[in-house]
Amino acid sequence: MTDVLAGFALFADLTRPQLESVVHTLEEEWFAPGQRVLRQGFTGTGLYFIVDGEAVVQIDGTERARLGRGEFFGEVSVLLGDPPVADVVASGQLRCVVLPEPDVQPFLLAHPPVMFRMLQTQARRLRNANLWQG
């Protein structure tokens, strides 16, 4: 799993020992095609990183995005302490590693480069959402 994470842009700035420590905090989860990973309006459970497969982000039943290998989701709910604003559904077999909610803040504070890369991704998503609405 360390080698898998090393290939993700989000973790590109971490050293091998840092990556190995991250791997020990993650839980692996598999989802069947059509299975909801996060449910709009319900409690979020963690920060998800896609290892294999693709997930569809839907708001009120409308597809808004597709996420694939190396991408993440669940961060808004975890960071704000709010229920997810979207459904995230496995479009096929989906394999993720999950950082449980209580571990997210300490992890991000201990790894500022990851936090910065997440912020960049959020800025891109916000820009794209604004363009989509326009």
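Attention here is on the structure that accompanies the text.

## Some remarks on the overall build of the protein chain
Moving on, step 1. Scanning the protein chain from terminus to terminus reveals five helices and eight strands.
Moving on, step 2. Taken over C-alpha atoms, the radius of gyration comes to 14 Å for the protein chain, in line with the 14 Å a tight globule of 134 residues would show.
Moving on, step 3. Summarising its shape, the C-alpha atoms of the protein chain cover approximately 40 × 30 × 25 Å along the three principal directions.
Moving on, step 4. Looking at the protein chain as a whole, 40% of its 134 residues are labelled buried.
Moving on, step 5. Within the protein chain, contacts between residues separated by at least 24 positions form 72% of all contacts whose residues are at least 6 apart in sequence.
Moving on, step 6. By element, 54% of the accessible surface of the protein chain is carried by carbon and sulfur atoms, the whole surface being about 7400 Å².
Moving on, step 7. Charged side chains in the protein chain number 11 positive and 16 negative. The centres of these two groups are separated by 6 Å.

## Points about a nonpolar patch on the surface
Moving on, step 1. Judged by side-chain polarity, Val 76, Leu 79 and Leu 80 come together as a nonpolar surface patch covering roughly 290 Å² of accessible area.
Moving on, step 2. Structurally, Val 76 can be placed in helix 3 (residues 75–80).
Moving on, step 3. Here Val 76 falls in the partly exposed class, since its relative accessible area comes to 35%.

## Quick look at the packing of aromatic side chains
Moving on, step 1. Enumeration according to the criterion identifies four aromatic pairs in this entry.
Moving on, step 2. Aromatic pair Phe 31 and Tyr 48: ring centres 6.4 Å apart, planes at 55 degrees, arrangement tilted. Highlighted residues: Phe 31 in strand 1 (residues 27–31) and Tyr 48 in strand 3 (residues 46–52), separated in sequence by 17 residues.
Moving on, step 3. Taking 4.9 Å as the distance between ring centres and 5 degrees as the angle between the ring planes, the aromatic pair formed by Tyr 48 and Phe 73 counts as stacked. With Tyr 48 in strand 3 and Phe 73 in strand 6 (residues 72–73), this residue pair connects regions lying 25 residues apart in the sequence. Here Tyr 48 matches Phe 73 in class, with each residue buried.
Moving on, step 4. Aromatic ring contacts, followed pair by pair, group Phe 11, Phe 49 and Phe 107 into a single cluster.
Moving on, step 5. Across the ring face of Phe 72, the terminal group of Arg 125 is positioned such that the distance to the ring centre comes to 4.6 Å.

## Here we look at the pairing of strand 3
Moving on, step 1. The buried fraction of strand 3 is high, at six of seven residues.
Moving on, step 2. Taken together, the two bridges between strand 3 and strand 6 define a ladder with antiparallel strand orientation. Residue pairing in the sheet places Phe 49 in a bridge with Phe 72 of strand 6.

## Structural notes on the pattern of salt bridges
Moving on, step 1. Inspection of the entire model under this criterion finds ten salt bridges.
Moving on, step 2. Note that Arg 125 and Glu 75 form a salt bridge whose closest N and O atoms lie 2.9 Å from each other. Separated by 50 residues along the polypeptide, Arg 125 in helix 5 (residues 112–133) and Glu 75 in helix 3 bring together distant segments of the chain.
Moving on, step 3. Through salt bridges that share partners, Glu 28, Asp 52, Arg 69 and Arg 95 make up one connected network.

Cut-offs and rules
Chains are numbered independently. Their residues run from 1 in the order of the written sequence. Totals for whole chains, interfaces and linings use every residue, but because this is a predicted model, local features are given only for residues with pLDDT of at least 70 and side-chain atom pairs only at 80 or more, for both listing and counting. Processing note: side-chain calculations cover all non-hydrogen atoms of the structure and skip hydrogens and water entirely. To qualify as a helix, a DSSP run of H or I must reach at least 4 residues; to qualify as a strand, a run of E must reach at least 2; elements of each kind are numbered from the N terminus. Between the two quantities, the radius of gyration covers C-alpha atoms and the globule rule is 2.2 Å times the number of residues to the power 0.38. Only protein chains enter the area calculation, which uses a 1.4 Å probe; residues under 20% of their type maximum are buried, those over 50% are exposed, and those in between are partly exposed. Pairs of residues are marked as contacts when any of their non-hydrogen atoms sit within 4.5 Å. Working definition of accessibility: Shrake-Rupley area with a 1.4 Å probe, residue cover restricted to the visible protein chains. Within this scheme the basic residues Lys and Arg register as positive and the acidic residues Asp and Glu register as negative, but His and the chain ends are omitted. Taken as the charge location is NZ of Lys, CZ of Arg, CG of Asp or CD of Glu. Note on patches: the residues involved have over 30% relative accessible area and no salt bridge, like charges join within 9 Å, and the nonpolar side chains Val, Leu, Ile, Met, Phe, Trp and Tyr join within 5 Å. Salt bridges, as used here, are contacts in which a Lys or Arg side-chain nitrogen is within 4 Å of a carboxyl oxygen on Asp or Glu. For this analysis, a ring pair means two rings from Phe, Tyr or Trp (six-membered ring only for Trp) whose centres lie within 6.5 Å, classed as stacked if their planes differ by under 30 degrees, edge-to-face if by over 60, and tilted for the remaining angles. Two conditions define a charge located above a ring, namely a distance within 6 Å from the ring centre to NZ of Lys or CZ of Arg, and an angle within 35 degrees of the ring normal. Only when DSSP finds a minimum of two bridges between them are two strands counted as paired.

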